[in-house]
Amino acid sequence: MTLTRSIAHFTAGLAGAALLSASLSAQARELSVSTVLSDAFPWGQAAEKWAELVEERSGGELTLRVYPNSQLVSGDQTREFSAMRSGLIDAAVGSTINWSPQVPELNLFSLPFFIPDEAAVDAVTGGEAGELVFEAIESRGVIPLAWGENGFRQVSNSRGPISQPDDLDGLKIRVVGSPLFQDTFSALGADPTQMSWTDAQPALTTGAVDGQENPLSVFDVARIDQVGQEHLTLWNYMNDPLIFAVNQQVWQTLSEEQQTLLRETAVEAGEWEIAMTREEEGERLAAIQERGVTVTELSDEQYQAFVDATQSVYEKWAPRIGEEVVEAAQAAIDAR
Ligand code: X2X
């Protein structure tokens, strides 16, 4: 080989390598996925599972990078939906509560004592109401793909057992996201304060608030009992579904194959996480009780007293959510 020929050969080789890496990087795509809770919790595990499945099946063409602890919105979880809509975040596995300030229909799930059990949750998310909720999300610039579950939210506090509305009288309760929660806890005679999850833990530790409400998985993993929350009431007052979703512009730049892959893996990860969350509830409750927490269960009569006390919240919020969605959900619950 002459020197000129070998230089030409070498250069061609370089150009080939550059071309190959350019085409690889044009294909390889990384999307950011926001979550509020990390993979110590089922919620974060749902997002990690989604990322794993996408990695496996796309052969590295598509990567989901999970950013937990609301870090992409500086801890302000109620801004997650807006950040995803505007493209600051590509995707998220988010709570209906945190997105409800931007999507009023999502308050459906926060209506107190409206969706009483797992069968009711599945009937709502899997039926016409669920479709209407997904349409509402899509009409606001975000593509919803699948459901997950944070779980039924239970109330805890540091003062004493709660078995009737009077027991909440004057208690300072940390609440999330939507103004609906202010209404629910005010109707029960409590003194609700809205704050992010990031701020909630120090507020519980210092005693700035007396109580909070979260699913058993969150109570257990975050060791809420260790910040003085010794009384826990199982009242299933609302279920907190999670939604896997992608920004609309990002979605439109994906090939049809990639869209199908993202949707199918989201559905799979969601089903996996919902089953796990429900399965683990029993052992979590046992672990919480072993750590010395007083657990209160309600009789039918006691439960009804809470339903009656929060009736005004239903009446105020059903029209804001949209009668069509609420009626579709009610019909699904009745037929379950
Ligand atoms: O902030 C909460 O309580 C949490 C973690 O459950 C949600 O993001 C809704």
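Residues numbered from 1 in each chain as written. Predicted model: local features only at pLDDT ≥ 70, side-chain atom pairs only at ≥ 80, totals over all residues. Heavy atoms only, no water.

Asks: Would you take a moment to explain the side chain of Gln259 for this structure?
Replies: Structurally, Gln259 can be placed in helix H11 (residues 256-290). With a relative accessible area of 18%, Gln259 lands in the buried category. Not counting residues up to four positions away in its chain, the partners in contact with Gln259 are Trp251, Gln252 and Leu254. (Helix = DSSP H or I, 4+ residues; strand = E, 2+ residues; numbered from the N terminus. Buried < 20%, exposed > 50% of the residue type's maximum accessible area, 1.4 Å probe, protein only. Contact = heavy atoms within 4.5 Å.)

Asks: Is there a simple way to explain the site of the ligand in this structure?
Replies: Around the ligand, 13 residues are found, and the nearest of them are Gln77, Asn98, Arg153, Arg174 and Asn214. Interatomic distance of 3.0 Å between a side-chain N/O atom of Arg153 and an oxygen atom of the ligand. Between the ligand and Arg174, the relevant distance is 2.8 Å, taken from an oxygen atom to a side-chain nitrogen or oxygen of the residue. Relative to its free-state accessible area of 270 Å², the ligand is covered by the protein chains to the extent of 100%. Classifying every residue of the shell around the ligand by side-chain character gives five nonpolar, five polar and three charged. (Near = heavy atom within 4 Å. Polar contact = N/O pair within 3.5 Å; in protein donor to acceptor, adjacent residues only side chain to side chain. Areas by Shrake-Rupley, 256 points an atom, 1.4 Å probe, with all protein chains shown as cover. Nonpolar A, V, L, I, M, F, W, Y, C, P; charged D, E, K, R; others polar.)

Asks: Would you mind showing me how to read the packing of aromatic side chains here?
Replies: Each aromatic ring pair is summarised here by two numbers: the centre-to-centre distance and the angle between the ring planes. Applying the stated criterion to the full structure yields 13 aromatic pairs. Where Phe114 meets Tyr314, the ring centres are 5.9 Å apart and the plane angle is 45°; that geometry is what we call tilted. Taken together, the positions of Phe114 in the loop between helix H4 (96-99) and helix H5 (118-125) and Tyr314 in helix H13 (residues 311-321) put the pair 200 residues apart, joining distant regions of the chain. Residue Phe114 is classed as buried on the basis of its relative accessible area, which comes to 8%. Residue classification places Tyr314 among the partly exposed residues on the basis of a relative accessible area of 25%. Considering the side-chain rings of Phe134 and Trp147, the 4.7 Å spacing of their centres and the 20° angle between planes classify their relative orientation as stacked. In this pair, Phe134 sits in helix H6 (residues 128-138) while Trp147 sits in strand S4 (residues 142-157), placing the two residues 13 residues apart along the sequence. (Phe/Tyr/Trp six-rings, centres within 6.5 Å; stacked < 30°, edge-to-face > 60°.)

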